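Here are the chains, one letter per residue:
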Amino acid sequence: MEIISNFPVPTTKDDILEFLSLAVPKAKQLGNFLTKNNPENKSHNDFVPVWKTKCEQIIMKARFSLKEDKKTLEEINHYASEL
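The residue numbering used here restarts from 1 in each chain and proceeds along that chain's sequence as written. Local features are withheld for residues below a pLDDT of 70 in this predicted model, meaning they are given only at 70 or higher, and side-chain atom pairs are given and counted only at 80 or more; totals for whole chains, interfaces and linings count all residues. To obtain the side-chain values, all non-hydrogen atoms of the structure were used and water was disregarded.

Novice: I keep staring at the overall build of the chain and nothing clicks. Help me out?
Specialist: A tally of helices and strands in the chain yields 5 helices and 0 strands. Across the chain, helices and strands are ordered from the amino to the carboxyl terminus as α-α-α-α-α. Type-normalised accessible area, obtained with a 1.4 Å probe on protein chains alone, sets the label of each residue: buried when under 20%, exposed when over 50%, and partly exposed for intermediate values. For the chain, the proportion of its 83 residues judged to be buried stands at 29%. Every residue pair with non-hydrogen atoms within 4.5 Å of one another is taken to be in contact. Residue pairs in contact within the chain that sit at least 24 positions apart in sequence constitute 62% of those at least 6 positions apart. Here, Shrake-Rupley sampling with a 1.4 Å probe gives the accessible areas, and only protein chains in the shown set may cover a residue. On the chain, roughly 5700 Å² of surface is accessible, and the fraction owed to carbon and sulfur atoms is 58%. The positive count covers Lys and Arg only, the negative count covers Asp and Glu only, and His and the chain ends enter neither. All charge positions are set by atom: Lys at NZ, Arg at CZ, Asp at CG, Glu at CD. Charge-centre separation for the chain: the mean point of 12 positive side chains lies 4 Å from the mean point of 12 negative side chains. Helical segments are the DSSP runs of H or I of at least four residues, strand segments are the runs of E of at least two, and each set is numbered from the N terminus.

Printed below as a string of structure tokens:
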């Protein structure tokens with residue numbers, strides 16, 4: 001969890017999009033209210049808050065630094081809506 005938290009925020013458009021494409025699925029909880037603590041879901045779900053926080057941090061930076069790039073901003077907002 002510490003490695004994810006301390007991972008440096010990507011700085012280029014391509015790196016931001018690549019990171020979000022890989023990290024957003026990890027930031028989503030598996031299972032429902034009854035099955036989220038099953039062994040097959042628990043190990044993934046324990047990391048969800050850390051991944052979600054890192055994704056939110058990167059999305060905020062991307063919205064600020066890429067505000068002139070409308071197409072990329074649409075992709076960033078799409079990832080944000082998935083969280």
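That was the structure; now back to the text.
Novice: Even after reading the chapter, I still don't get the nonpolar core, so can you show me in this structure?
Specialist: One broad rule of soluble globular proteins: the nonpolar side chains tend to lie buried together. In plain words, nonpolar cores are sets of buried Ala, Val, Leu, Ile, Met, Phe, Trp, Tyr and Cys residues tied together by side-chain atoms within 4.5 Å. Within the largest apolar cluster, 17 residues are counted, with the highest numbers of intra-cluster contacts made by Ile16, Phe19, Leu20, Trp51, Cys55 and Ile76. Of all the elements in the fold, those that place two or more residues in this core are helix H2 (13-23), helix H4 (48-65) and helix H5 (70-82). Ranked by residues supplied to this core, first place goes to H4 with 6 residues. Every residue in contact with Trp51, bar those within four places of it in the chain, is listed here: Ile4, Phe19, Ala23, Lys26 and Ala27.

Novice: Before we go on, may I ask you to explain the side chain of Asn45 in this structure?
Specialist: Among the secondary structure elements, Asn45 is positioned in helix H3 (residues 39-45). In protein, a polar contact means a hydrogen-donor-capable atom and an acceptor-capable atom, both N or O and within 3.5 Å, with residues adjacent in sequence counting only if both atoms are side-chain atoms; elsewhere, any N or O pair within 3.5 Å suffices. Side-chain polar atoms of Asn45 contact the backbone nitrogen of Leu30, separated by 2.7 Å. A polar side-chain atom of Asn45 sits 3.0 Å from the main-chain carbonyl oxygen of Lys36.

Novice: Just checking my understanding: could you explain the packing of H2 against H4 for this structure?
Specialist: Geometry of a packed helix pair, given as the angle between the helix axes and the separation of the axes. Note on geometry: axes are lines fitted to C-alpha atoms, helical ones only across the stretch in contact, with angles between N-to-C directions running from 0 to 180 degrees. Running from N to C, H2 and H4 point in directions that differ by 155 degrees, and their axes come no closer than 11 Å. Here H4 runs roughly antiparallel to H2, going by the angle between their axes. Here the hand of the crossing between H2 and H4 comes out left-handed. Contacts between H2 and H4 involve Ile16, Phe19, Leu20 and Ala23 from the former and Trp51, Lys54, Cys55, Ile58, Ile59 and Ala62 from the latter. For this classification, under 35 degrees means roughly parallel, over 145 means roughly antiparallel, 65 to 115 means roughly perpendicular, and everything else is oblique. By definition, any crossing whose near helix is turned counterclockwise from its far helix by less than a right angle is left-handed, and any crossing with a clockwise turn is right-handed.

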